[in-house]
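Listed below are the residues making up each chain.
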Amino acid sequence: MYAYDEFDRTLLAERVTEFRGQVGRRLSGALTEDEFKPLRLMNGVYLQLHAYMLRVAIPYGTLSADQLRRMAYVARTYDRGYGHFTTRQNIQFNWIKLEELPEAMAALAEVGVHGIQTSGNCIRNVTTDQWSAATPEEVDDPRIWAEILRQYSTMHPEFSYLPRKFKIAITAADHDRAAIKVHDVGLRLHRNAAGELGFEVLVGGGLGRTPFIGKKIKDFLPVRHLLSYIEAVMRVYNQFGRRDNIYKARIKILVHEIGAEAFSAEVEKEWESIRDGALQLDDAVIADIRSRFIYPKFEKLADNPPELVEALQDERFATWYRSSIARHKVPGYAILTVSLKPVGLPPGDATADQMDVIADLAERYAFREIRVGHEQNLCLPHVAQRDLPALWRALDAAGLATPNVNLVSDIIACPGLDYCALANARAIPVAQDIARRFADLDRARGIGRLHVNISGCINACGHHHVGHIGILGVEKNGQEFYQITIGGRADEQAQLGTLLGPAVSYEEVPDLIERIVDAYLELRTNPRELFVDTVARLGTEPFKERVYEAH
Amino acid sequence: MKLIENGHVIADRYVRVADDEALPEGAPVLVSADRLLREGAELARRGAPVGVVWPNNRRIEAIEPYLDQLALIALVFPTFRDGRAYSQARLLRERFDWQGPLRATGNVLRDQFLYMSRAGFDQLEATKDADADAYVDELKSYTAFYQPTGDGRPTILRARLGRVAEAPAQAEAAE
Amino acid sequence: MAAPQQQKLKVNGPVTVTANRLTDGVVVWRTAEGGWSTELNDAIVVTTAPEAIALLEAAGKRDTDAVGPYVAPVILGEGSAILPGNLRERIRVAGPTFELPA
């Protein structure tokens with residue numbers, strides 16, 4: 001956990017006061033909607049189809065039990081009793097009133113939570129690996145650096161009115177769970193030959209209308225230069241990013257148009273002037289931030305305690321265990337993923353009651369800590385293996401133990417046309433239909449790891465380009481149609497999916513997905529060859545033949 | 001439209017002169033960047049102050065050779081959503097050491113006053129009169145700042161150093 | 001359904017002007033009296049582009065009641081019933097198409 005001090009709390013309180021004033025001026029007419037919109041967006045407030053929507057940041061995916069409980073409170077008091085976890089380590093409340101927003105924000109600010117910069121043309125919530133400080137794979141806790149960037153970017157006076165939004169993601173593990181290659185800036189923390197920490201810097205990745213994989217512009221940026229280098233990137237982008245066309249305003253277009261080399265040269269030139277200035281992170285500053293992260297005091301435990309071994313005799317528990325538990329860096333502990341994908345329910349949604357249950361369990365078993373991943377599931381990063389049977393029983397009772405993590409029914413979906421003012425087609429009911437089609441979890445396990453991503457429009461909040469199977473909703477003559485891509489992936493081997501064939505109607509989607517899966521089962525060399533590897537080996541043609549031509 | 005300088009409403013002494021207009025004798029003038037670049041030598045010999053309106057789509061580096069002869073630099077926000085002039089302002093103050101008045105013009109609204117001040121603007125041409133009256137309140141709306149700019153305000157990162165990080169009760173209880 | 005605000009105005013049948021109420025975001029429709037109603041049946045329906053543009057312009061004059069007005073298709077049902085004209089508008093009237101959590 002990161003502990004806010006009085007500076008952070010003061011700033012949050014001032015922000016709430018400012019927003020209260022802005023809402024007041026909007027309601028009185030002193031601010032026009034055009035003037036107010038960027039201000040509300042920078043506080044995470046959208047106007048959607050049916051109501052205002054509040055997006056609240058979960059910086060680097062870390063939440064305390066108290067914070068999650070407060071979200072449950074906000075869901076109950078100001079919304080309709082549930083929230084939606086997004087692909088960017090945020091939570092959204094869908095039915096909130098503008099008049100009540102300042103109160104809801106004040107309630108959140110009391111526990112150090114806010115919607116600052118979860119929207120708007122500014123540096124957004126910095127995301128990272130939901131397994132930070134728990135996985136044995138990482139070289140350092142990436143949240144330290146995400147927090148340094150969070151502070152640096154919060155209300156940055158120079159970079160709050162950028163050409164377009166700006167998303168930064170960090171991984172400190174070779175296996176990338178933060179999708180850094182499809183962010184405006186992706187940072188991979190690693191050590192050089194001398195053992196020093198630094199970042200590989202990628203720039204210009206992103207999804208949306210014009211998807212790109214990020215391009216490397218630096219192999220090794222010593223960590224002390226993180227802020228000056230980012231400032232140089234931002235300054236080049238702020239001045240030279242396109243502002244004439246909203247669809248060409250992201251940094252990826254600038255990088256694409258002038259080339260990564262020319263872009264990098266501009267950044268280096270700018271960086272040269274500021275690298276040794278006030279932004280240089282000295283050891284004291286880094287140590288200070290590091291000291292604010294409170295880590296669990298782990299007990300000395302052994303792996304595979306008798307409670308666990310015994311529970312694994314129960315087939316239901318064992319199934320859940322294999323799906324939901326990952327290796328922890330400390331013996332006797334585990335990383336537990338809480339599936340928010342019960343078959344047939346909206347992906348990523350949790351009720352206020354479920355949030356309370358998870359907060360209670362985190363308090364009792366998990367050092368009060370909860371994480372949120374871009375797959376729209378939650379995670380208890382530090383649980384003792386001996387407590388897993390009790391945790392499972394409690395999660396199961398709350399509908400939170402669906403053993404489908406990473407399976408075909410663990411679908412990533414944006415809110416789509418059921419909520420979103422930008423959407424062209426629905427996403428959630430499509431996910432529900434597909435999940436129901438694969439409701440037999442034995443069958444889903446036989447298929448293996450398969451990520452299905454659904455977006456209700458080209459803005460790609462469901463990250464469809466990087467789904468193993470990607471589904472994009474489009475509109476044709478007033479009807480919903482869906483384009484299917486296969487072979488995308490969001491990890492360290494990130495790549496964009498390839499279009500499989502003509503778009504199909506809403507009703508046809510589950511059949512089509514089933515045929516793709518059947519084709520894979522027929523084409524794979526053995527059950528250990530994952531879907532995405534079969535596509536990589538064979539390309540899309542054999543899939544196309546089997547999926548389209550038989551029908 | 002009210003012009004604010006460091007919190008006070010002041011009269012604008014400068015006359016904006018179009019590129020094809022003759023310069024009024026003895027009066028402080030604001031000319032375009034084009035005119036400055038074209039007639040720089042003549043403008044330097046003028047007896048009265050010369051300021052420039054520098055557009056936000058021209059590299060600010062090009063102004064450097066003229067800084068000594070300028071009495072005012074005005075930057076432009078065509079809409080408040082277009083933030084290029086913030087970068088230009090910081091570069092003028094922090095890179096080129098511009099000490100003279102730096103004016104924000106265009107769509108200048110109270111919700112951005114503090115950002116402008118932090119970027120180095122000390123004159124604001126407020127679009128709405130009511131906004132100008134709120135200047136003092138706006139500048140006081142925040143007392144804590146995370147990141148350094150050239151404005152001299154202390155930053156949270158530095159202010160924390162030397163102090164012991166609080167260990168909140170709730171986190172300890174978990175251990 | 002491409003966001004209606006971005007569409008060129010084409011009127012091929014009955015349309016209304018709709019928006020969201022400023023205070024709480026609730027869906028509202030322009031009425032004949034120049035106000036807003038939360039009931040689609042209270043909406044003023046027009047059938048030509050000039051009429052729709054006139055309604056839209058009037059609605060846009062004051063943005064403290066409703067936000068983001070645009071022209072939306074409707075279907076005239078039995079009796080005097082006014083029904084939403086496409087899926088997006090049906091969802092705005094009836095809410096999400098699946099059962100909500102909680």
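Since we're looking at a predicted model, the values are computed, not measured.

1. Description of the overall build of chain C
(1) Moving on: Along chain C, the regular secondary structure elements total 2 helices and 5 strands.
(2) Moving on: Going residue by residue from the N terminus, the α and β elements of chain C occur as β-β-β-α-β-β-α.
(3) Moving on: For 102 residues, the compact-globule estimate of 2.2 N^0.38 gives 13 Å, and the C-alpha radius of gyration of chain C, at 13 Å, lies within 12% of that figure.
(4) Moving on: Taken along its principal axes, the extent of the C-alpha atoms in chain C is 45 × 35 × 30 Å.
(5) Moving on: In chain C, which comprises 102 residues, the proportion classed as buried is 33%.
(6) Moving on: Put simply, of all contacts in chain C between residues at least 6 apart along the chain, 55% involve residues at least 24 apart.

2. Quick word on the arrangement of the chains
(1) Moving on: For this structure, the chain pair with the highest number of contacts among 2 pairs of chains in contact is chains A and B.
(2) Moving on: These two, chain B and chain C, are apart from each other, with no contact and a minimum C-alpha gap of 18 Å.

3. Some details on the environment of A425(A)
Residues and elements named next belong to chain A.
(1) Moving on: Tracing the backbone shows A425 in the loop between β16 (412-413) and α14 (428-437).
(2) Moving on: Here the alpha-carbon distance between A425 and L472, two residues 47 residues apart in the chain, equals 8.5 Å.
(3) Moving on: Those residues within four positions of A425 in sequence are excluded, and the remaining contacts are G416, L417, G456, G473, V474, E475, E480 and Y482.

4. Quick word on the sheet that holds strand β9 (residues 197-203) of chain A
Residues and elements named next belong to chain A.
(1) Moving on: Within the open sheet, the 5 strands sit side by side as β6-β7-β8-β9-β10. Their pairing is mixed. What marks the edges here is a single partner per strand, and that holds for β6 (127-128) and β10 (215-222).
(2) Moving on: Here β6 pairs with strand β7 (residues 168-171) via 2 bridges, running parallel. Pairing of T128 across the sheet is with I170, part of β7.
(3) Moving on: The sheet strands contacting helix α6 (residues 226-240) are β8 (185-191), β9 and β10, and the helix crosses β9 at an angle near 10 degrees.

5. Some words on the domain arrangement of chain A
All names here are of chain A.
(1) Moving on: Assigned domains within chain A: domain 1 (6-109), domain 2 (134-291), domain 3 (306-397) and domain 4 (412-549).
(2) Moving on: Contact with domain 2, which involves 11 residues of that partner, is made by 12 residues of domain 4.
(3) Moving on: A breakdown of the residues in the side of domain 2 that touches domain 4 according to their chemical character gives 5 nonpolar, 2 polar and 4 charged.

6. Comments concerning the nonpolar core
Residues and elements named next belong to chain A.
(1) Moving on: Judged by nonpolar contacts, the single largest core of 203 residues is most densely connected at Y52, I170, V233, I358 and I516.
(2) Moving on: Broken down by element, this core gets its largest block of residues, 9 residues, from α6.
(3) Moving on: Not counting residues within four places of it along the chain, the set of residues in contact with I516 comprises I469, I486, F543 and V547.

7. Looking at the sheet that holds strand β1 (residues 45-47) of chain A
Residues and elements named next belong to chain A.
(1) Moving on: Read across the sheet, 5 strands follow the order β1-β2-β5-β4-β13 without closing on themselves; strand pairing throughout is antiparallel. With one partner strand each, in any of the chains shown, β1 and β13 (349-351) form the two edges of the open sheet. Strand-to-strand twist in this sheet, taken as the mean axis angle between neighbours without regard to direction, amounts to 30 degrees.
(2) Moving on: Packed on one face of the sheet, helix α12 (residues 352-365) meets β4 (82-85) and β13 and runs near 85 degrees to β13.

8. A short note on the interface of chain B and chain A
(1) Moving on: Counting residues at the interface gives 35 residues for chain B, matched by 41 residues for chain A.
(2) Moving on: At the level of secondary structure, the elements contributing two or more residues to the side of chain B that touches chain A comprise α2 (84-95), α3 (113-119), α6 (156-160) and α7 (169-173) of chain B.
(3) Moving on: Counting residues per element, the side of chain B that touches chain A draws most heavily on α2(B), which supplies 5 residues.
(4) Moving on: Broken down by class, the residue content of the side of chain B that touches chain A amounts to 18 nonpolar, 7 polar and 10 charged.

What counts and how
Residues numbered from 1 in each chain as written. Chains lettered and ligands numbered in written order. Predicted model: local features only at pLDDT ≥ 70, side-chain atom pairs only at ≥ 80, totals over all residues. Helix = DSSP H or I, 4+ residues; strand = E, 2+ residues; numbered from the N terminus. Rg over C-alpha atoms; globule rule 2.2 N^0.38 Å. Buried ≥ 20, exposed ≤ 12 C-beta atoms within 10 Å, placed from the backbone. Contact = placed C-beta atoms within 7 Å. Pairing = 2+ DSSP bridges. Axes fitted to C-alpha atoms, helices over the stretch in contact; angles between N-to-C directions. Domains from an automatic or database assignment. Nonpolar A, V, L, I, M, F, W, Y, C, P; charged D, E, K, R; others polar. Core = buried A, V, L, I, M, F, W, Y, C linked by C-beta atoms within 7 Å.

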